[in-house]
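Breakdown of the fold
So you can see what is in the structure, the chains are spelled out below.
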Amino acid sequence: MTSEQEQVSSLPLPPVKFIAPYTDENVRRGQVSKPPPIVQDNYTMFGRTFCADDTIIRPLETQGIKRLYPQHFDRRSRELKKLNHSLLVNFLDLLDLLVYSPDSPKRTEKVDDISVLFIHIHHLLNELRPHQARETLRVMLELQRRQRDETVVRFRKHTERANEILQRALEELPDSEIDSHILATTEVMDESDVEKNEEKDVYDSCTPEDRLMCQILDSMELNKKRRRKP
């Protein structure tokens, strides 16, 4: 087995003679056959006739199957339990017939009853698919919201930690060094820059500590540039 595993499709590829003509150049020139038109009327699939206007979940009556449970009911799970119990009883009856009278004509009737019960169970499960899709979407949205909330909490913790470190650094910094940095900064600034900064401070919402820290960093950066010059 190689280190890099190749991605393999779960479905087999179509025959090469069908997909080879569909190149980008042939498609652009219109030299390939177009896909078949959408079916508007009835069509046959797996030996059964379907109508394009049918609902996604067809009623049992349209399929020629007698309904064993009422048309309107509250909970599908209760009906599924009843059908499962009836299926078990019919299966045990079929086993008794196979043991004691295997040639009895009731064996065929029991097989047909079991088939009808399986059809009803499958139909009820299909009716639960929309509810399953909604619940799956709800769980996915809740998971995404929980992940965003956790990200916000971690971001706030890091922000508070950074503010604590900055505040501690300001408290440990000597007052004389702060004054010298401020004086060095004000000497380097031009008069125009001072006026612009004064006008900007009117609308600036930063705290005095943040402004002081910015001035200190600017002066330190300026001193580094001076040292680099020959």
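These numbers were taken from a predicted model, which means no experiment stands behind them.

Cut-offs used in this document
Positions within a chain are numbered from 1, following the residues in the order the chain's sequence is written. Confidence filtering applies because this is a predicted model: local features only for residues at pLDDT of at least 70, side-chain atom pairs given and counted only at 80 or more, and all residues used for totals across whole chains, interfaces and linings. Side-chain figures throughout are based on the complete set of non-hydrogen atoms in the structure, without hydrogens or water. Numbering goes from the N terminus for both helices and strands, where a helix is a DSSP run of H or I of at least four residues and a strand is a run of E of at least two. Residue exposure (1.4 Å probe, protein chains only): buried if accessible area is under 20% of the type maximum, exposed if over 50%, otherwise partly exposed. Any pair of residues with heavy atoms lying within 4.5 Å of one another is described as a contacting pair. Method for areas: the Shrake-Rupley scheme with a 1.4 Å probe, in which residue coverage is limited to the protein chains shown. Between any two strands, pairing holds if DSSP finds at least two bridges. Note that patches include only residues with greater than 30% relative accessible area and no salt bridge, and the join distances are 9 Å for like charges and 5 Å for nonpolar side chains (Val, Leu, Ile, Met, Phe, Trp, Tyr). A pair is scored as a salt bridge if a Lys or Arg side-chain nitrogen falls within 4 Å of a carboxyl oxygen belonging to Asp or Glu. What pLDDT expresses is the predictor's confidence in each residue, scored from 0 to 100. We call a set of buried residues a nonpolar core when its members are Ala, Val, Leu, Ile, Met, Phe, Trp, Tyr or Cys and they connect through side-chain atoms within 4.5 Å of each other. Take the number of residues in a helix, subtract one, and multiply by 1.5 Å to get its expected span. We call two N or O atoms a polar contact when they sit within 3.5 Å, provided that within protein one can donate a hydrogen and the other can accept it, with sequence-adjacent residues counted only if both atoms are side-chain atoms.

**Section: the overall build of the protein**
Secondary structure summary: the protein contains eight helices and two strands in total. Scanning the protein from its N terminus toward the C terminus, one meets helices and strands in the order α-α-β-β-α-α-α-α-α-α. Across the 230 residues of the protein, 13% fall into the buried class. Partitioning the intrachain contacts of the protein with sequence separation of at least 6 by distance along the chain shows that 55% fall at a separation of at least 24. Counting every atom, the protein has about 20200 Å² of accessible surface; 56% of that belongs to carbon and sulfur.

**As for the pairing of strand E2 (residues 48-51)**
Where strand E1 (residues 42-45) lies against E2, four bridges are found, and the strand directions are antiparallel. Note on E2: the bridge partner recorded for methionine 45 is arginine 48. Between E1 and E2, which follow one another and run antiparallel, lie two residues, and phenylalanine 46 among them has a positive phi close to 55°.

**Quick notes on a nonpolar patch on the surface**
Taken together, Leu88, Phe91, Leu92, Leu95 and Leu98 make up a surface patch of nonpolar side chains, about 430 Å² in accessible area. As for its placement among the helices and strands, leucine 88 is situated in helix H3 (residues 76-100).

**With respect to the side chain of histidine 123**
Within the secondary structure, histidine 123 is located in helix H4 (residues 106-127). Look past the residues within four positions of histidine 123 in its chain and what remains in contact with it is Ile57, Arg58, Pro59, Leu60 and Tyr69.

**Some points on the confidence of the model for the protein**
With 70% of its residues at a pLDDT of at least 70, the protein reaches an overall mean of 76. The element-level mean pLDDT for the protein is lowest in helix H7 (residues 191-203), coming to 51, with helix H5 (residues 129-172) highest at 90.

**Details of the nonpolar core**
Counting eleven residues, the largest nonpolar core is built from Leu60, Ile65, Tyr69, Leu80, Leu83, Leu87, Leu94, Ile114, Leu117, Ile121 and Leu124. Apart from the residues within four sequence positions on either side, isoleucine 121 is in contact with Leu80, Leu83, Asn84 and Leu87.

**Let's talk about the pattern of salt bridges**
The full count for this structure, using the stated rule, is eight salt bridges. One salt bridge in this structure joins arginine 138 and glutamate 135, with 2.6 Å as the shortest N-O distance. Taken together, the positions of arginine 138 and glutamate 135, both in helix H5 and three residues apart, correspond to about one turn of that helix. Of the residues examined, arginine 138 reaches a relative accessible area of 38% and is grouped as partly exposed. Among the salt bridges present, the one from aspartate 149 reaches arginine 145, with a minimum N-O distance of 3.5 Å. Here aspartate 149 and its partner arginine 145 are both found in helix H5, four residues apart, which amounts to about one turn of the helix. Each member of the salt-bridge network shares a partner with another, and the members are Glu25, Arg28 and Arg29.

**So, H4**
The periodicity of an α-helix, 3.6 residues per turn, causes residues three or four places apart in sequence to face the same way. Helix length check: H4, at 22 residues, gives a terminal C-alpha distance of 32 Å against a target of 32 Å (1.5 Å per residue), a fit within 8%. All buried positions along H4 are accounted for by Lys110, Ile114, Leu117, His120, Ile121, His123 and Leu124.

**Observations concerning the side chain of asparagine 90**
As for its placement among the helices and strands, asparagine 90 is situated in helix H3. Classification of asparagine 90 by relative accessible area gives buried; the value is 13%. A polar side-chain atom of asparagine 90 sits 2.7 Å from the main-chain carbonyl oxygen of serine 86. Asparagine 90 has contacts with Lys110, Asp113, Ile114 and Leu117, leaving out every residue within four places of it along the chain.

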